[in-house]
Amino acid sequence: MEFLQIVFWILTTALCLFFISGHLLNLTKIQHWYVRGWDFPRPQVTIFVLMTASLHCIAAWPLGWFDLVLLLGLTWQFVYQIARIIPFTFLWKAQVKRAAHHDSDRSLRLLICNVERENECYQDVIDVVERVKPDLALFVEVDEVWAGKLDQLNFPSKLTQSQENHYGMMFLSQLEIESSEYRFVVQEDVPSLKAIIKLKNGQRVLFYGLHPRPPEPINDQDAIPRDAELLQVGKEIGDREDKELPVIVAGDLNDVAWSESNDLFLKISELLDPRVGRGRYSSWNAKSLVWRFPLDHIFHSEHFELIEMRVLNYVGSDHFPVIIDLHYNPQARQEQEKPKADSEDEKEADEKIENGKKA
C-alpha cells in the first residue's frame, strides 16, 4: 500500500509541476508555440488544476512543506485563470450595449466561417448562408474548389483570394463596396482584406478580414507573425485620421478572447468585444466536445450596438460559423467605454511588430 501511495504521490507531483511550470512560462513574453499554447485552454486548465490539487491532497496527506508549496502554486494559477475567463461570463459587465431598437438601413448582419479546406460539406455551408441571409460573409481556408462552390451564392459583390495553403479568403457582400484590397501584411502567403463598405443609409464602414497563421507545433511556428499582423492592423485602426469612421474586424484570428495578446490588440485598436459580459462563443474545435475555444472573432468600434450574436450549427468544418447583427448608432460612442493603450502597451506593440518584420 505504501508503494502505491508513493507512486500516486509522484504522479500527482509531476502533474502539479507540469501545470505550475506551464503557467509560469505563459506569464513571460516568450513567443514559442508551447508557451503561447497555454493561452488557449484556460477553462479546461482551471478544471484540471482543481482536480490535480484535490488528488495531490489525497496522495500527500499529511501534507509536508513541499506539498503546501505546490498547492499554493496551483491555487495561484486557479485564481489567475478564473480572472482571465470571468469577463466572458454573465458575471461581468457587458462591454457592448444591447441595441434598444434598430432599423435595417443602419444595421448589418455579418457571417464568418472557416470552411476548413479539406471539408467537403459544401452544401451545408451554402445552406447556412442561404438560411441566415447575411449582408456580409467572410470565409477563410478557401481554395479553388471552395471558391467555385461559394461563387454559386447570390451576392452582387464577391472578393476572392483563393489559395492552396489554408489561408485563402473570400468576402461576399450584399452592401455596396466602395474600395477593397487584399494585402499581405506580415507573411507573403497570408492575405488579409481591407475594405470600405456602405450601409444602406450610406454610412461608410471600414472592414478588416483577418486570418493570421497560428502558433503550432507541426511547423514549429511561434506566435510572432500572428501577433505582428494583428497589432499592425490594430495600430492602423487606432491611428486612423477619421475617428468618426466606424470599424469592424472579423475572422479566424487563431487567438483566444482571454489572451493577453488579444487584450493588447483591443487596446491598440480601441475596439470593443461584444462577447464580454455575455459568453465565450467558442467556435473551434467543432469536432471536440472538450477542447473548444473562441478563435473566430468579431470586434468593432464604439459606433455599434449589439442586436444579436450566435454560434451556428456544425457544417463539416472544424470551426462553427459565427453570425452577428450590429446596429450603427453614433450616440453609442458616449455610452460605451473603449479600451485605451498606455505607453507600455504602445512600446510592447511596436516591439512585436518589429519582431514580425524580422521573422
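To start, this report covers the structure provided alongside it. (Residues numbered from 1 in each chain as written. Predicted model: local features only at pLDDT ≥ 70, side-chain atom pairs only at ≥ 80, totals over all residues. Heavy atoms only, no water.)

A short note on the packing of helix 3 (residues 42–60) against helix 4 (residues 65–85)
Right, on to step 1. Relative orientation of the contacting elements helix 3 and helix 4 amounts to 160 degrees, with a least axis distance of 9 Å. Considering their axes alone, helix 3 and helix 4 lie roughly antiparallel with respect to each other. The two elements helix 3 and helix 4 cross, and the hand of that crossing is left-handed. Residues Arg42, Pro43, Val45, Thr46, Val49, Leu50, Thr52, Ala53, His56, Cys57 and Ala60 of helix 3 form the contact with helix 4, whose participating residues are Asp67, Leu70, Leu71, Leu74, Gln77, Phe78, Tyr80, Gln81, Ile82, Arg84 and Ile85.
Right, on to step 2. Partitioned by chemical class, the residues of the contact of helix 3 with helix 4 number 14 nonpolar, 5 polar and 3 charged. (Axes fitted to C-alpha atoms, helices over the stretch in contact; angles between N-to-C directions. Helix = DSSP H or I, 4+ residues; strand = E, 2+ residues; numbered from the N terminus. Parallel < 35°, antiparallel > 145°, perpendicular 65-115°, else oblique. Left-handed = near helix turned anticlockwise from the far one by under 90°. Contact = heavy atoms within 4.5 Å. Nonpolar A, V, L, I, M, F, W, Y, C, P; charged D, E, K, R; others polar.)

Section: the pairing of strand 9 (residues 296–300)
Right, on to step 1. Taking burial as the measure, the 5 residues of strand 9 include 5 buried ones, the bulk of the element.
Right, on to step 2. Alternating positions in strand 9 separate into two faces, Asp296, Ile298 and His300 on one and His297 and Phe299 on the other, with burial throughout. (Buried < 20%, exposed > 50% of the residue type's maximum accessible area, 1.4 Å probe, protein only.)

Focus: the layout of surface pockets
Right, on to step 1. Its volume calculated, the largest pocket comes out at about 730 Å³.
Right, on to step 2. For the largest pocket, the lining is made up of 28 residues, of which Pro214, Pro215, Glu216, Asn254 and Trp284 are closest to its centre.
Right, on to step 3. Per element, the largest residue contribution to the lining of the largest pocket is 3 residues, and it comes from helix 2 (residues 33–37).
Right, on to step 4. Residues of the lining of the largest pocket, tallied by class, amount to 13 nonpolar, 8 polar and 7 charged.
Right, on to step 5. In this structure, the second largest pocket occupies an estimated 540 Å³ of space.
Right, on to step 6. Elements that contribute at least two residues to the lining of the second largest pocket include exactly helix 4 and helix 8 (260–269).
Right, on to step 7. When residues in the lining of the second largest pocket are grouped by element, the largest group, 4 residues, is from helix 8.
Right, on to step 8. Considered class by class, the residues forming the lining of the second largest pocket number 11 nonpolar, 3 polar and 9 charged. (1 Å grid on protein atoms, 1.4 Å probe; cavity = no way out; pocket = protein on both sides within 12 Å on 5 of 7 lines; lining within 4 Å. Points joined across faces, edges and corners; volume = space filled by probe spheres on them.)

Thoughts on a nonpolar patch on the surface
Right, on to step 1. There is a patch of nonpolar side chains on the surface, built from Ile47, Phe48, Met51, Leu289, Val290 and Trp291 and spanning about 620 Å² of accessible area.
Right, on to step 2. Mapped onto the fold, Val290 is located in the loop between helix 8 and strand 9. (Patch = residues over 30% accessible without salt bridge, like charges linked within 9 Å, V, L, I, M, F, W, Y side chains within 5 Å. Areas by Shrake-Rupley, 256 points an atom, 1.4 Å probe, with all protein chains shown as cover. Salt bridge = Lys/Arg side-chain N within 4 Å of Asp/Glu carboxyl O.)

Description of the sheet that holds strand 4 (residues 169–173)
Right, on to step 1. Spatially, 3-4-2-1-11-10 is the arrangement adopted by the 6 strands of the open sheet, whose pairing is mixed. Either end of the sheet is taken by a strand with one partner, and the two such strands are strand 3 (157–161) and strand 10 (304–311). Mean inter-strand twist for the sheet, computed between neighbouring axes without regard to direction, equals 15 degrees.
Right, on to step 2. Of the pairings in the sheet, the one linking strand 3 to strand 4 comprises 5 bridges and is antiparallel in character. By the bridge assignment, Gln161 is partnered in strand 4 with Met169. (Pairing = 2+ DSSP bridges.)

A closer look at the packing of aromatic side chains
Right, on to step 1. If you walk through the whole model with that rule in mind, you get 15 aromatic pairs.
Right, on to step 2. Look at Trp9 and Phe66: their rings are 6.3 Å apart centre to centre, the planes differ by 50 degrees, and that puts the pair in the tilted class. On the criterion of sequence distance, the pair formed by Trp9 in helix 1 (residues 2–26) and Phe66 in helix 4 is long-range, its members being 57 residues apart.
Right, on to step 3. Exposure remark for Phe66: the relative accessible area of 33% places this residue in the partly exposed category.
Right, on to step 4. Where Phe304 meets Tyr328, the ring centres are 6.1 Å apart and the plane angle is 65 degrees; that geometry is what we call edge-to-face. Of this pair, Phe304 sits in strand 10 while Tyr328 is found in strand 11 (residues 322–328), placing the two residues 24 residues apart along the sequence.
Right, on to step 5. Given the relative accessible area of 0%, Phe304 is considered buried.
Right, on to step 6. Residue classification places Tyr328 among the buried positions, given a relative accessible area of 8%.
Right, on to step 7. By the ring-pair criterion, three or more aromatic residues cluster together here, those being Phe18, Phe19, Trp33, Tyr34 and Trp38. (Phe/Tyr/Trp six-rings, centres within 6.5 Å; stacked < 30°, edge-to-face > 60°.)

Overview of the pattern of salt bridges
Right, on to step 1. Counted by the stated rule, this structure contains 31 salt bridges.
Right, on to step 2. Among the salt bridges present, the one from Glu302 reaches Arg333, with a minimum N-O distance of 3.2 Å. Taken together, the residues Glu302 in the loop between strand 9 and strand 10 and Arg333 in the loop between strand 11 and helix 9 (343–358) connect sequence positions 31 residues apart.
Right, on to step 3. Take Glu302: its relative accessible area is 5%, and that puts it in the buried class.
Right, on to step 4. One salt bridge connects Glu308 with Arg310, and the closest N-O pair in it is separated by 3.3 Å.
Right, on to step 5. In the salt-bridge network here, residues are joined through shared partners; they are Lys29, Arg226, Asp227, Asp255, Glu348 and Lys352.

These values are about where atoms sit, not about what they do.
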